[in-house]
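Now for the letters of each chain:
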Amino acid sequence: MVSEPVRQAPAAAPGRRRPGARRSTPLTIAMLAALAYFLLPLCWLLIASTKSTQDLFNTFGLWFSHAPQLLTNVKETFAQDDGVFLRWLVNTVLYAGVSAVGAALLAAAGGYGFAKFRFRGERAAFNLVLGAVMVPTTALAIPTYLLFAKAGLVNTPWAIILPSLVNPFGLYLMRVYAQDAVPDSLLEAARIDGAGEARIFFRIVLRLLGPGLVTVLLFTLVATWNNYFLPLIMLNDPDLYPVTVGLSSWAAQAQNGGAGSSSDMLALVVTGSLISIIPLVVAFLMLQRYWQSGLAAGGVKQ
């Protein structure tokens, strides 16, 4: 008996919607509103960084002035106060980079331990981690300051780096990711071959946890880079300021007309804000594919 060939549904022509697909006007409007919400501030920042302080108030905010001066603003930003902005930028890179790498490694080790090892009090310890996710970091700032003051670490880079190494959400994400990304059979084979636990973690597990590791690294990098309240209460020396606190001090000078302020100080604050987000944009573009695949790990059913 000759079987009839299976008929395939005709492919949709290019530009046409798939059969059964529906277009939702409210959803489209909501997506356009969300797009405008995220992009308009960036457009304003880019345009405003090309203006002088006078043009910031006398011209339309979302269009360029008659005399753009982006390069002039950039040069003056780096030259202001004997080049302190470059020092702030280097401090921010140091704080965010060390914190991101350290937090990612600690989260990977903790998540791998929760996923692949069984020990007494495991459930209680993991529930404690989940509870820590709900605690806002600002609520811990004052207790952290008191602890660091007793230890003599206030007004040092460690006052910013050490608190940023703790990432409960990153640990939870790595635990979920490690459950499926690290096969138990591979671990048993490595142990049979005589590999120690440290060697297994650094030579095998870290490679398998790469996408999740990059995700935690990016989250911590952004959080530390944008952190304002913790450096504000921990640091007294302007040479140790990150970009967030440094630009805030410039903005206060521009508003109060204090010593060392100039008529173009507000334009320098805007230009410095634009410069400060460029490293974050570059980091996301370079690590985007790892970030997207690692972020999807949070939806894996356990």
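Details of the structure are given in the entry above.
Along each chain, numbering runs from 1 in the same order as the chain's sequence is written. pLDDT decides what is reported in this predicted model: residues at 70 or higher carry local features, side-chain atom pairs at 80 or more are listed and counted, and totals for whole chains, interfaces and linings draw on all residues regardless. To get the side-chain values, take all heavy atoms of the structure and skip hydrogens and water.

Chemist: Describe the overall build of the protein chain, and please don't skip the residues or the numbers.
Modeler: By definition, any uninterrupted DSSP run of H or I lasting at least four residues is a helix, any uninterrupted run of E lasting at least two residues is a strand, and each is numbered from the N terminus. Helix and strand counts for the protein chain come out as 15 helices and zero strands. The rule is simple: take the accessible area with a 1.4 Å probe, protein chains only, and divide by the maximum for that residue type; under 20% is buried, over 50% is exposed, in between is partly exposed. Classification of the 302 residues of the protein chain by burial places 34% in the buried group. Here, two residues are considered to be in contact whenever any of their heavy atoms come within 4.5 Å of each other. By sequence separation, contacts in the protein chain at least 24 residues apart represent 75% of the contacts at least 6 residues apart. All accessible areas in this document rest on Shrake-Rupley with a 1.4 Å probe, and a residue is counted as covered only by the protein chains that are shown. Total accessible area computed for the protein chain in this model is approximately 18,700 Å², and 65% of it derives from carbon and sulfur atoms.

Chemist: Tell me about helix α6 (residues 141–151), and name the residues and values.
Modeler: Along α6, the residues classified as buried are Ala 141, Thr 144 and Phe 148. Mapping the buried residues of α6 onto a view down its axis gives an arc of 60°, with all of them on the same face. What points out from α6, more than 90 degrees from its buried face, is the exposed set Leu 146, Leu 147 and Lys 150. Tucked inside the fold, the buried residues of α6 contact α7 (158–164) and α12 (229–234). An arc is given here, and it is the one of the directions from the helix axis to the C-beta atoms.

Chemist: Tell me about the pattern of salt bridges, residues and numbers included.
Modeler: Salt bridges are counted wherever a side-chain nitrogen of Lys or Arg sits within 4 Å of a carboxyl oxygen of Asp or Glu. Evaluation of the coordinates by the stated rule reveals five salt bridges. Taking the shortest distance from any N to any O, the salt bridge between Asp 239 and Arg 87 comes out at 3.7 Å. Note that Asp 239 is positioned in the loop between α12 and α13 (243–256) and Arg 87 in helix α4 (residues 84–116), a separation of 152 residues in sequence. Judged by relative accessible area, Arg 87 falls into the partly exposed class, the value being 44%. Between Glu 122 and Arg 118 there is a salt bridge whose closest N-O contact spans 3.3 Å. Relative accessible area serves as the criterion here: at 15%, Glu 122 is assigned to the buried category. Overall, the relative accessible area of 60% leaves Arg 118 in the exposed class. When salt bridges that share partners are traced, they join Glu 188, Arg 191 and Glu 197 into one network.

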